[in-house]
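Inside the fold
These are the residues of each chain, in order.
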Amino acid sequence: MDQAQIEQITKMIVSAMGQGGKADGFQVPVGVSNRHIHLSQADVETLFGPGYQLTKKKELMGGQFAANECCTIVGLKLRAIENVRVLGPARKATQVEISQTDARKLGVNVPVRESGDVAGSAPIAIVGPKGAVFCKEGCIIAARHIHMSPADAAKAGVKDGDYVSVSVDNERGTTFDKVKIRVDESFTLEMHIDTDEANASEIKQDDLVTIVRK
């Protein structure tokens, strides 16, 4: 029996067990992501004092946590939003993630980007109890995405970097396109959308949505 035959039989067995090969119908719980801040350690110390370390409020996936610390973010027109949660641990670069509604309130033109893709993004100021920092770039609207473990990806028949559509079976009957799949051993199954997307489609935290192919 050659390798091609082995692979074909394996695919047939996995399909028969209902564990993979097809994303249609695969359900995913939703995590509604509110505005938040990721800080570099240098900016943590500017905002909260020399040597300061973020303190943990709640564990999140991928080794991240919601910190007890909050800051105020300020747009170019000096419009501000207070009590914006900081997420830890500290990153290499500071990044602020907001919704389009927040962007309009702050008076800034914010692009939709994947987390970490901040080159040429919107400027933002961050104010803490001990100081302030001005970021020439770093403010984004996070592109919707689905976190998966490798096991979940195998069951759904998708891989890291794939794009899928996701349907919402409720009164609004929404379909989200261009949803990126992100796969890592540290991830738990969850689709992340921002508060604007959740409100427009009447989705609540932990509601189930369904992956569909187009």
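Up top is the structure.
In this text the structure is predicted, and so the values were computed from the model without any measurement.

Quick look at the pattern of salt bridges now. Tallying each qualifying case throughout the model produces eight salt bridges. When the shortest N-O distance is used, the salt bridge between K180 and E114 registers 3.0 Å. Here K180, found in strand β12 (residues 175-183), pairs with E114, found in the loop between β7 (112-113) and β8 (122-127); they are 66 residues apart in sequence, far enough to count as distant. Between E202 and R172 there is a salt bridge, with its nearest N and O atoms 3.6 Å apart. Within this pair, whereas E202 is found in the loop between α5 (195-201) and β14 (208-212), its partner R172 is found in the loop between β11 (163-167) and β12, the two being separated by 30 residues in sequence. Relative accessible area serves as the criterion here: at 38%, E202 is assigned to the partly exposed category. Judged by its relative accessible area of 48%, R172 falls in the partly exposed class.

Okay, the packing of aromatic side chains next. Counted according to the given criterion, the structure contains one aromatic pair. Relative to Y52, the ring of F48 lies with its centre 5.2 Å away and its plane at 25°, an arrangement referred to as stacked. Judged by its relative accessible area of 27%, Y52 falls in the partly exposed class.

Spatial ordering of the closed barrel is given by β1-β13-β10-β12-β11-β14, a layout of six strands whose pairing is mixed. In this sheet, adjacent strand axes meet at a mean angle of 45° when their direction is disregarded. Relative to β14, strand β1 (residues 27-33) runs antiparallel, the two being bridged by three bridges. When the bridges of β14 are listed, Q27 appears paired with T210.

Within strand β2 (residues 36-40), five of the five residues are buried, which leaves the element mostly enclosed by the surrounding structure. Residues H36, H38 and S40 point to one face of β2 and I37 and L39 to the other, with burial holding for every one of them. In this structure, β2 lies alongside strand β5 (residues 80-91), joined through four bridges in parallel fashion. Residue H38 lies in a different strand from β5, and its bridge partner there is L87.

Calculation criteria
- Residues numbered from 1 in each chain as written.
- Predicted model: local features only at pLDDT ≥ 70, side-chain atom pairs only at ≥ 80, totals over all residues.
- Heavy atoms only, no water.
- Salt bridge = Lys/Arg side-chain N within 4 Å of Asp/Glu carboxyl O.
- Helix = DSSP H or I, 4+ residues; strand = E, 2+ residues; numbered from the N terminus.
- Buried < 20%, exposed > 50% of the residue type's maximum accessible area, 1.4 Å probe, protein only.
- Phe/Tyr/Trp six-rings, centres within 6.5 Å; stacked < 30°, edge-to-face > 60°.
- Pairing = 2+ DSSP bridges.
- Axes fitted to C-alpha atoms, helices over the stretch in contact; angles between N-to-C directions.

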